[in-house]
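Observations on chain architecture
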Amino acid sequence: MKLHHLKAAQLDKAIGEGPAKLRRSPMPAGGWLKAVRTALGAPARQVAAQAGIASTGVAAAERGERAGTITLNQLRKLAAAMDCELVYGLAPRTSLRQQLEHRAAEVADQLVRTSAHSMSLEDQRTGKTFEHALREETKRKLLSSPRKLWRYSK
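Residues numbered from 1 in each chain as written. Predicted model: local features only at pLDDT ≥ 70, side-chain atom pairs only at ≥ 80, totals over all residues. Heavy atoms only, no water.

**Notes on the pattern of salt bridges**
On inspection of all chains with the given rule, the structure shows eight salt bridges. Between glutamate 101 and arginine 97 there is a salt bridge, and its shortest N-O distance comes to 3.1 Å. Remark: arginine 97 and glutamate 101 occur in helix 7 (residues 96-121); sequence separation between them is four residues, near one turn of the helix. Glutamate 101 gets classed as partly exposed once you look at its relative accessible area, which sits at 26%. By relative accessible area, which is 32% here, arginine 97 ends up partly exposed. A salt bridge links glutamate 101 to lysine 139, with the shortest nitrogen-to-oxygen separation between them at 3.2 Å. Of this pair, glutamate 101 sits in helix 7 while lysine 139 is found in helix 8 (residues 128-144), placing the two residues 38 residues apart along the sequence. Assessed through its relative accessible area of 19%, lysine 139 is described here as buried. (Salt bridge = Lys/Arg side-chain N within 4 Å of Asp/Glu carboxyl O. Helix = DSSP H or I, 4+ residues; strand = E, 2+ residues; numbered from the N terminus. Buried < 20%, exposed > 50% of the residue type's maximum accessible area, 1.4 Å probe, protein only.)

**Structural notes on the packing of helix 4 (residues 44-51) against helix 6 (residues 72-81)**
When two helices pack together, you describe them by how their axes are tilted relative to each other and by the distance separating the axes. The N-to-C vectors of helix 4 and helix 6 enclose an angle of 110°; their axes lie 8 Å apart at closest approach. It follows that helix 4 is roughly perpendicular to helix 6 by the angle criterion. Across the interface between the two elements, Val47, Gln50 and Ala51 of helix 4 pack against Lys77, Leu78 and Ala81 of helix 6. Each residue belonging to the contact of helix 4 with helix 6 can be placed in one class, and the counts come to four nonpolar, one polar and one charged. (Axes fitted to C-alpha atoms, helices over the stretch in contact; angles between N-to-C directions. Parallel < 35°, antiparallel > 145°, perpendicular 65-115°, else oblique. Contact = heavy atoms within 4.5 Å. Nonpolar A, V, L, I, M, F, W, Y, C, P; charged D, E, K, R; others polar.)

**Details of the environment of arginine 37**
Summarising the element assignment, arginine 37 is placed in helix 3 (residues 32-40). Excluding anything up to four places from it in sequence, arginine 37 contacts Ala42, Pro43, Ala44, Val47, Val58, Glu62 and Met82.

**Notes on helix 6**
Every buried residue belonging to helix 6 is among Leu75, Leu78, Ala79 and Ala81, and all of these are buried. Taken down its axis, helix 6 places every buried residue within 155° of arc, on the same side. With respect to the buried face of helix 6, the exposed residues turned more than 90 degrees away are Asn73 and Ala80. Of the surrounding secondary structure, the elements contacted by the buried residues of helix 6 are helix 3, helix 4 and helix 5 (55-67). Looking one or two residues past helix 6, aspartate 83 carries a phi angle of roughly 55°, positive in sign. (Arc of directions from axis to C-beta.)

**What about helix 8?**
Between its first and last C-alpha atoms helix 8 spans 24 Å; for 17 residues at 1.5 Å apiece the expected length is 24 Å, and the two agree. Within the span of helix 8, buried status applies to Glu131, Thr138, Lys139, Leu142 and Leu143. Considered in projection along helix 8, the buried side chains sweep an arc of 130° and stay on one side of the axis. (Expected span 1.5 Å × (residues − 1).)

**Some details on a nonpolar patch on the surface**
Judged by side-chain polarity, Leu72, Tyr88 and Leu90 come together as a nonpolar surface patch covering roughly 360 Å² of accessible area. Along the polypeptide, tyrosine 88 turns up in the loop between helix 6 and helix 7. Taking relative accessible area as the criterion, tyrosine 88 reaches 59% and is therefore assigned exposed. (Patch = residues over 30% accessible without salt bridge, like charges linked within 9 Å, V, L, I, M, F, W, Y side chains within 5 Å. Areas by Shrake-Rupley, 256 points an atom, 1.4 Å probe, with all protein chains shown as cover.)

These values are about where atoms sit, not about what they do.
In structure tokens:
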């Protein structure tokens, strides 16, 4: 197994069900900072003091979280002030392996279509069986070197 396949498999395993669970628990309407702070009954000025920021900084951070403009460092600092841990990650919609397979199939199809079109212009048409075999071989080669998958536009 190639190193990139091993890395993808390990990351798929590490990610596991976590992202699916998080997607089932979307961010509260007012944001996580406000939800946790109010659940703890902690006034904004108290959280600000604990985080070492101005008391207006908590309200600004809560607005920033809702707007999607807060930084990870701000979130981390405020989470720590409320004795919480910031958990950050990317949640692939499908396994990384499935994404690689899908992308390889797209690129192989694009390359074979382009080649078949050029050959037909030269009156050297190929059959469907040949094109299918060429697609599969191209896909296999692309999967053996995934960096090539990203050289082609979507």
